[in-house]
Amino acid sequence: MTELQIVTLPDEVLRKKARPVTKFDDDLQALIDDMIETMRAANGVGLAAPQIGQSLQLAVIETLPKVDEDGEDIPDSRELFVIINPRIVWESREVIDGIEGCLSIPGYVGEVERAYAVRVRAQDRRGKPLKLRLKGWTARIFQHEIDHLNGVLYIDKLTDRENFWTDEEYYNMRQAELEEKAEEGEEVKETAVTKPNE
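Computed from a predicted structure; not experimentally measured.

Draft legend 1. View of the side chain of R114. Tracing the chain through its elements places R114 in strand 5 (residues 108–115). On the accessibility criterion, R114 (3% relative accessible area) is buried. A polar side-chain atom of R114 sits 2.7 Å from a polar atom in the side chain of D147. Sequence-distant contacts of R114, defined by excluding residues within four places in its chain, comprise E94, V95, I96, E100, R140, Q143, H144, D147, Y154 and K157.

Draft legend 2. Just the pattern of salt bridges, in detail. Under the criterion given, the structure shown has eight salt bridges. As a salt-bridge pair, R140 and E100 come within 2.7 Å of each other at their nearest N and O atoms. With R140 in helix 2 (residues 136–149) and E100 in strand 4 (residues 95–101), the pair connects residues that are 40 residues apart, well separated along the chain. Salt bridges sharing partners connect three or more residues here, namely E100, R114, R140, D147 and K157.

Cut-offs applied
Residues numbered from 1 in each chain as written. Predicted model: local features only at pLDDT ≥ 70, side-chain atom pairs only at ≥ 80, totals over all residues. Heavy atoms only, no water. Helix = DSSP H or I, 4+ residues; strand = E, 2+ residues; numbered from the N terminus. Buried < 20%, exposed > 50% of the residue type's maximum accessible area, 1.4 Å probe, protein only. Polar contact = N/O pair within 3.5 Å; in protein donor to acceptor, adjacent residues only side chain to side chain. Contact = heavy atoms within 4.5 Å. Salt bridge = Lys/Arg side-chain N within 4 Å of Asp/Glu carboxyl O.

Quick look at the structure:
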């Protein structure tokens with residue numbers, strides 16, 4: 001497997017609707033493996049083919065680890081998805097704001113409103129049909145990646161233009177919020193402030 005170069009704005013491939021995948025051959029399998037390797041090396045939770053310069057309806061997603069009752073990550077609990085030619089066929093009316101980052105827009109995060117739950121139809125890496133029901137953070141990742149395949153970036157969907165920060169600004173803002181809660185006597189879990197990266 002090979003770690004691929006991630007393209008960043010203003011590369012035009014990020015703004016184009018990607019082409020459908022029609023060949024499920026050895027070249028595609030090698031590309032998928034390289035994308036998984038690249039996503040993991042970048043500490044991402046998702047990577048769409050346009051982000052490595054390939055205009056294809058293909059993305060890889062790896063969910064966050066599940067946690068036990070003490071808040072510790074459960075080993076080997078992340079779930080890996082390969083989605084090809086995906087489409088969202090249903091979205092919940094319930095929406096939720098969340099912070100997103102993107103490997104193609106390094107150094108920044110923003111607040112984006114997304115459907116809390118979605119249903120997705122796609123093909124797996126061998127071309128077999130997939131039907132997925134997703135909610136919460138996993139649904140957010142899928143929506144983010146499927147947007148990439150349509151030339152849409154999270155910065156196009158910010159809740160407000162002001163809700164866009166550098167990593168450092170966001171980290172400092174969250175730290176200040178946690179310190180304020182602690183001073184007010186609210187219970188604050190011992191959790192590090194992390195950047196949700198795509």
